[in-house]
Amino acid sequence: MTMHFVDMIENRVSTNAFDPNKDVPADQIRQLVRLATHAPTAYNLQNWRFVAVHSQEARARLRAVANDQSKITDAAVTFIIAGSLPDHADVAPRLRPAVEAGFMPQRMADGWVDAVRQAYEHHPGRQRDEAFRTATFAGATLMFAAQAFGLASCPMGGFDPDGVARAFGLAPTEIPVMLLAVGHAAEGNWPAKPRRPVAEVLSLV
Ligand SMILES: Cc1cc2nc3c(=O)[nH]c(=O)nc-3n(C[C@H](O)[C@H](O)[C@H](O)COP(=O)(O)O)c2cc1C
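Residues numbered from 1 in each chain as written. Predicted model: local features only at pLDDT ≥ 70, side-chain atom pairs only at ≥ 80, totals over all residues. Heavy atoms only, no water.

Asker: What should I look at first to understand the sheet that holds strand 4 (residues 174-183) in this one?
Answerer: Two orientations exist for strands paired in a sheet by backbone hydrogen bonds: parallel and antiparallel. Pairing is antiparallel in the open sheet, where 4 strands are placed in the order 1-2-4-3. At either margin of the open sheet sits one strand with a lone partner, and together these are strand 1 (48-53) and strand 3 (152-156). The mean inter-strand angle of the sheet, taken between neighbouring strand axes irrespective of direction, is 25°. Two elements, strand 2 (residues 77-84) and strand 4, share 8 bridges in a ladder whose sense is antiparallel. Counterpart to Val77 in the pairing with strand 4 is Val182. This element, helix 7 (residues 124-148), spans strand 1, strand 2, strand 3 and strand 4 of the sheet and lies at about 10° to strand 4. (Pairing = 2+ DSSP bridges. Helix = DSSP H or I, 4+ residues; strand = E, 2+ residues; numbered from the N terminus. Axes fitted to C-alpha atoms, helices over the stretch in contact; angles between N-to-C directions. Contact = heavy atoms within 4.5 Å.)

Listed below in structure tokens is the structure:
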């Protein structure tokens, strides 16, 4: 099932009540992550990792480090969306498929290795910013992919990042940027919340 994309944007809500009896099967979880990886990343670094917290045990473990939010155990799956700190050593293997496909010149790929080194090597703040940008785009893409499949979602920043990293074995270079609960909506959710007027938020220069 697919919806028109503008309708999807206008109708998306952060779902509060999920039906705890409806699953999202592992194949669909893989499809969602495959679609999320179509999101853009700086230099095509693809510096992300997705932990699909699906089993009852794993969901309880996540809830314990996520402000005891009940949607984590009610929703069929909650994704930990982690952004990795950019590393120039990753650039060549990430670009190789585009070089081998014949549209990216090798010289350009080599240049991007240097560009990534220069941009991030001695800049921990920029590394962290990039990890957040990457995971945010991935999360947004996953959120709309879920909606296209008729599923509900809720992004969550209410969790203990160190606790999540420990409980799910993230590397020190992986930052848990956001949680995204995905499942089937139950009754009683709110409609889309009104937004600030465009004139108040847009500077058209
Ligand atoms: C970065 C971020 C963190 C959020 N954290 C939580 C959260 O921990 N728990 C929750 O129930 N909702 C959370 N939300 C959902 C917001 O409350 C929701 O997006 C906002 O109220 C607007 O509602 P809407 O998404 O339905 O338009 C979060 C949303 C974002 C973008």
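Structure's up, so let's keep going.
Asker: Looking at this structure, how should I read the nonpolar core?
Answerer: The tendency in soluble globular proteins is for nonpolar side chains to be buried as a group. Leu32, Phe50, Phe79, Ile81, Leu142, Leu180 and Val182 are the most contacted members of the largest nonpolar core, which has 28 residues in total. Of all elements in the fold, only helix 2 (26-36), strand 1, strand 2, helix 7 and strand 4 reach the threshold of two or more residues within this core. The greatest single-element share of this core, amounting to 9 residues, is contributed by helix 7. In this view, Phe50 contacts Val33, Ala36, Thr37, Ile80, Ile81, Ala138 and Leu142; residues no more than four positions away in its chain are not counted. Formed by 21 residues, the second largest nonpolar core is a distinct cluster that contains Val51, Ala75, Phe159 and Ala165. (Core = buried A, V, L, I, M, F, W, Y, C linked by side-chain atoms within 4.5 Å. Buried < 20%, exposed > 50% of the residue type's maximum accessible area, 1.4 Å probe, protein only.)

Asker: Hey, could you run me through helix 2 in this one?
Answerer: An α-helix turns once per 3.6 residues; consequently, residues spaced three or four apart project the same way. For helix 2, the complete set of buried residues consists of Ile29, Leu32, Val33 and Ala36. Down the axis, helix 2 shows its buried residues gathered within 95° of arc, on one side only. Looking at helix 2, the residues exposed on the side facing more than 90 degrees away from the buried face are Asp27 and Arg30. Turning to helix 2, the residues buried within the fold contact strand 1, strand 2, helix 7 and strand 4. (Arc of directions from axis to C-beta.)

Asker: Could you clarify how one ought to interpret the site of the ligand in this entry?
Answerer: In the neighbourhood of the ligand, the contacting residues comprise Arg12, Val13, Ser14, Gln69, Lys71, Cys154, Pro155, Met156, Gly157, Gly158, Lys193 and Arg195. Note that an oxygen atom of the ligand is positioned 2.6 Å from one of the side-chain N or O atoms of Ser14. In terms of residues, the shell around the ligand owes the most to one element, strand 3, which gives 3 residues. Partitioning the shell around the ligand into residue classes produces 4 nonpolar, 4 polar and 4 charged. (Near = heavy atom within 4 Å. Polar contact = N/O pair within 3.5 Å; in protein donor to acceptor, adjacent residues only side chain to side chain. Nonpolar A, V, L, I, M, F, W, Y, C, P; charged D, E, K, R; others polar.)

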